[in-house]
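Descriptive structure summary
Here's the letter readout for the chains.
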Amino acid sequence: MDFKSITVAGSGVLGYQIAFQAAYHGFIVTVYDINDEVLAKAKTKFTTLGEAFKQDLHATQEQIDATFKNLSYSSDLAEAVKDADLLIEAVPENPEIKTDFYHKLAQAAPEKTVFATNSSTLLPSQFAEATGRPEKFVALHFANEIWKHNTGEVMRHPATSDEVFNSVIQFAKAIGMVALPIYKEQPGYIVNSLLVPLLDAAVNLWINGVSDIETIDKTWMVATGAPVGPFGILDVVGITTAYNINKMEAEETQDPLKIKAVEKLKEDYIDKGKLGVSTGEGFYQYPNPAYQDKDFLK
Ligand code: NAD
């Protein structure tokens, strides 16, 4: 399968990055969203993203101009997908919205179109029936700031055909991703299957009074050679996300350690506006967090 024409559905946090990344790598990209107002916002965001590509990837103005030429916009689903070889879905992480979207898409898209979901927490098999073409459906999961954190996790569900799986892997490579094939459905893919337990363990050690934040990070960094420890990572992910995950777990399990974690994260961080790198302070202060000091690991 040779993908040339790509449609990205949803131009939010991830969708507009995916669209720009594919257009930058020479694909013809249509951006689809619910109305023209949202699409106008996406156009503004592309201009800012172009600057980030110049700064981080040393992209030239010519490359950015060519990227814009590859981008077009539509809020009419049938129009947006009429030529699509591949549709990448980045609509909100809500099962009802996604199911409804796939029902409509199944009617609107030509037979050739392969569908890929960027969902972080929902498994593709959950939507396979709604797509009307389970064999042409796969997950293609990107990380935030995809031009820098260029993982492309390609995860098949039981009915995905080999041809579709392999073609989407090739596509991920063609847009500059490190393609990571996942042969079996796994909640959290590989990245979050590794990361979430690590971050969870770090918070537990801290809340349980086993050690302090800096010592926990230092231990991880010295022992594994990693450039950042779990609390440094949490500052990047955002403390609100950690809070939400702990809150859900606390409500479900009533585990006293989780309840304490929720209270501590709320009182000492969320309520004080210390949300991580995005607000300039979280577990560390930015732009020069203590864990980057040359003496931190001594
Ligand atoms: P978002 O809320 O920022 O953006 C969603 C976009 O979808 C919005 O522009 C919205 O207008 C649009 N939309 C809503 N309903 C729609 C519909 N019916 N048809 C088309 N567009 C519609 O969400 P996001 O953070 O970009 O997440 C999108 C998907 O990407 C989710 O599945 C999420 O799990 C996944 N994802 C997000 C991140 C992240 O860091 N934000 C990382 C990896 C994957």
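Check the entry above for the structure.
Quick look at the structure, then. (Residues numbered from 1 in each chain as written. Predicted model: local features only at pLDDT ≥ 70, side-chain atom pairs only at ≥ 80, totals over all residues. Heavy atoms only, no water.)

Note: strand β7 (residues 151-155) against strand β8 (residues 178-182), five bridges, orientation parallel. From the neighbouring strand, Val154 faces β8, where its bridge partner is Pro181. Taken together, β7, helix α7 (residues 162-174) and β8 form a β-α-β motif whose crossover is right-handed. (Pairing = 2+ DSSP bridges. Helix = DSSP H or I, 4+ residues; strand = E, 2+ residues; numbered from the N terminus. Right-handed = clockwise from strand over helix to strand, strands pointing away.)

Moving on to the packing of aromatic side chains. The description of two aromatic rings rests on the distance between their centres and on the angle between their planes. All told, the structure shown has 21 aromatic pairs when counted by the stated rule. Plain terms: the ring middles of Phe46 and Tyr73 are 6.1 Å apart, the flat faces sit at 45° to each other, and that makes the pair tilted. Of this pair, Phe46 sits in helix α2 (residues 36-57) while Tyr73 sits in strand β3 (residues 71-74), placing them 27 residues apart in sequence. We classify Phe46 as buried; its relative accessible area is 0%. Residue classification places Tyr73 among the partly exposed positions, given a relative accessible area of 26%. Site record: aromatic cluster; members linked through ring pairs are Tyr16, Phe20, Tyr24, Phe46, Phe53, Phe68, Tyr73 and Trp147. Over the ring of Tyr73 we find Lys43, and its NZ or CZ is 4.6 Å from the ring centre. The residue whose ring lies beneath Lys45 is Tyr16, and the NZ or CZ to ring-centre distance is 4.3 Å. (Phe/Tyr/Trp six-rings, centres within 6.5 Å; stacked < 30°, edge-to-face > 60°. Buried < 20%, exposed > 50% of the residue type's maximum accessible area, 1.4 Å probe, protein only. Lys NZ or Arg CZ within 6 Å of the ring centre and 35° of its normal.)

Of all residues adjacent to the ligand, which total 21 residues, the nearest are Val13, Leu14, Asp33, Glu93 and Lys98. Within the contact set of the ligand, an oxygen atom lies 2.9 Å away from a backbone nitrogen or oxygen of Val13. A distance of 2.9 Å is found between an oxygen atom of the ligand and a backbone nitrogen or oxygen belonging to Leu14. For the ligand, whose free accessible area comes to 830 Å², the fraction covered by protein is 76%. For the shell around the ligand, the secondary structure elements donating two or more residues are α5 (95-108) and β6 (137-142). Residue composition of the shell around the ligand, by class: 10 nonpolar, eight polar and three charged. (Near = heavy atom within 4 Å. Polar contact = N/O pair within 3.5 Å; in protein donor to acceptor, adjacent residues only side chain to side chain. Areas by Shrake-Rupley, 256 points an atom, 1.4 Å probe, with all protein chains shown as cover. Nonpolar A, V, L, I, M, F, W, Y, C, P; charged D, E, K, R; others polar.)

Quick look at helix α12 (residues 256-270) now. Taking 1.5 Å per residue, 15 residues should reach 21 Å; α12 reaches 20 Å between its end C-alpha atoms and fits that length. Here α12 has its buried residues at Lys258, Ala261, Val262, Leu265 and Tyr269. Along the axis of α12, the buried positions cluster into a sector of 100°, meaning they face one direction only. Among the exposed residues of α12, those oriented more than 90 degrees off its buried face are Pro256 and Glu267. In this structure, the buried side of α12 is in contact with α8 (191-207), α9 (213-224) and α11 (239-253). The N-cap of α12, judged by a side-chain oxygen 2.9 Å from the amide nitrogen of Leu257 a few residues on, is Asp255. (Expected span 1.5 Å × (residues − 1). Arc of directions from axis to C-beta. Contact = heavy atoms within 4.5 Å.)

Bringing the packing of helix α1 (residues 15-24) against helix α3 (residues 61-69) into the picture now. Where α1 meets α3, the axes come as close as 8 Å, and the angle between the chain directions of the two elements is 115°. By the angle between their axes, α1 is roughly perpendicular relative to α3. Every pair of crossing elements has a handedness; the one defined by α1 and α3 is right-handed. Taken together, the residues of α3 that come into contact with α1 (itself represented by Phe20, Ala23 and Tyr24) are Gln63, Ile64, Thr67 and Phe68. Looking at the contact of α1 with α3 residue by residue, the class counts come to five nonpolar, two polar and no charged. (Axes fitted to C-alpha atoms, helices over the stretch in contact; angles between N-to-C directions. Parallel < 35°, antiparallel > 145°, perpendicular 65-115°, else oblique. Left-handed = near helix turned anticlockwise from the far one by under 90°.)

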